[in-house]
Amino acid sequence: MKLIQSGDEHAFKYLFDTYFASLCRFMNVYLDNTQESEELALDIFLYVWEHRQTIEVNMVHPINA
């Protein structure tokens, strides 16, 4: 995420390529509309890119959860 926060487009493309399809499938379970799921996923990725400098990622290791 630090690379994305610094504006690295290749890192963002990797994030997009890695998670876009899975995110669409997950959302489609609830929306039952492929087009809406894809549009929402694109909106999420756009939001991440536009707010990359202010997004904070907090990860909790499953053992510590």
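Relevant structure appears above.
Conventions and cut-offs
- Residues numbered from 1 in each chain as written.
- Predicted model: local features only at pLDDT ≥ 70, side-chain atom pairs only at ≥ 80, totals over all residues.
- Heavy atoms only, no water.
- Helix = DSSP H or I, 4+ residues; strand = E, 2+ residues; numbered from the N terminus.
- Buried < 20%, exposed > 50% of the residue type's maximum accessible area, 1.4 Å probe, protein only.
- Contact = heavy atoms within 4.5 Å.
- Phe/Tyr/Trp six-rings, centres within 6.5 Å; stacked < 30°, edge-to-face > 60°.
- Lys NZ or Arg CZ within 6 Å of the ring centre and 35° of its normal.
- Expected span 1.5 Å × (residues − 1).
- Arc of directions from axis to C-beta.
- Polar contact = N/O pair within 3.5 Å; in protein donor to acceptor, adjacent residues only side chain to side chain.

Points about the environment of M1
Phase 1 of the analysis: Looking at the secondary structure, you find M1 in the segment before α1 (2–5).
Phase 2 of the analysis: With relative accessibility at 36%, the residue M1 sits in the partly exposed group.
Phase 3 of the analysis: Separated by 31 residues in sequence, M1 and D32 place their C-alpha atoms 30 Å apart.
Phase 4 of the analysis: If near-sequence neighbours (up to four positions away) are discounted, M1 is found in contact with V48, I55 and V57.

Describing the packing of aromatic side chains
Phase 1 of the analysis: Enumeration over the complete set of coordinates arrives at six aromatic pairs.
Phase 2 of the analysis: Ring geometry for F20 versus F45: centroids 6.3 Å apart, planes at 50 degrees, classification tilted. Separated by 25 residues along the polypeptide, F20 in helix α2 (residues 9–31) and F45 in helix α3 (residues 34–50) bring together distant segments of the chain. This pair shows no difference in class: F20 is buried, exactly as F45 is.
Phase 3 of the analysis: Put simply, the rings of F12, F16, F20, F45 and W49 touch in pairs and so form one group of aromatic residues.
Phase 4 of the analysis: The ring of W49 has R52 sitting right over it, with the charged end atom 3.9 Å from the ring centre.

Comments concerning the side chain of S37
Phase 1 of the analysis: Its place among the elements puts S37 in helix α3.
Phase 2 of the analysis: A relative accessible area of 1% means that S37 is categorised as buried.

Notes on unusual backbone geometry
Excluding glycine, a negative phi dihedral is what most residues carry, and trans is how most peptide bonds are arranged.
Phase 1 of the analysis: A positive phi angle, near 50 degrees, is found at D32, a position not held by glycine.
Phase 2 of the analysis: Relative to the helices and strands, D32 is located in the loop between α2 and α3.
Phase 3 of the analysis: Classification of D32 as exposed rests on a relative accessible area of 68%.

So, α3
Phase 1 of the analysis: In this model α3 runs 24 Å from its N-terminal to its C-terminal C-alpha over 17 residues, within 8% of the 24 Å that 1.5 Å per residue would give.
Phase 2 of the analysis: Among all positions in α3, only S37, A41, F45 and V48 are buried. One side of α3 carries all its buried residues, which in axial view fall inside an arc of 70 degrees. Turned more than 90 degrees away from the buried face of α3 sit Q35 and E50, all of them exposed.
Phase 3 of the analysis: Looking at the buried side of α3, the elements it contacts are α2.
Phase 4 of the analysis: Measuring from the side-chain oxygen of the N-cap residue of α3 to the backbone nitrogen of Q35 gives 3.1 Å; that N-cap residue is N33.

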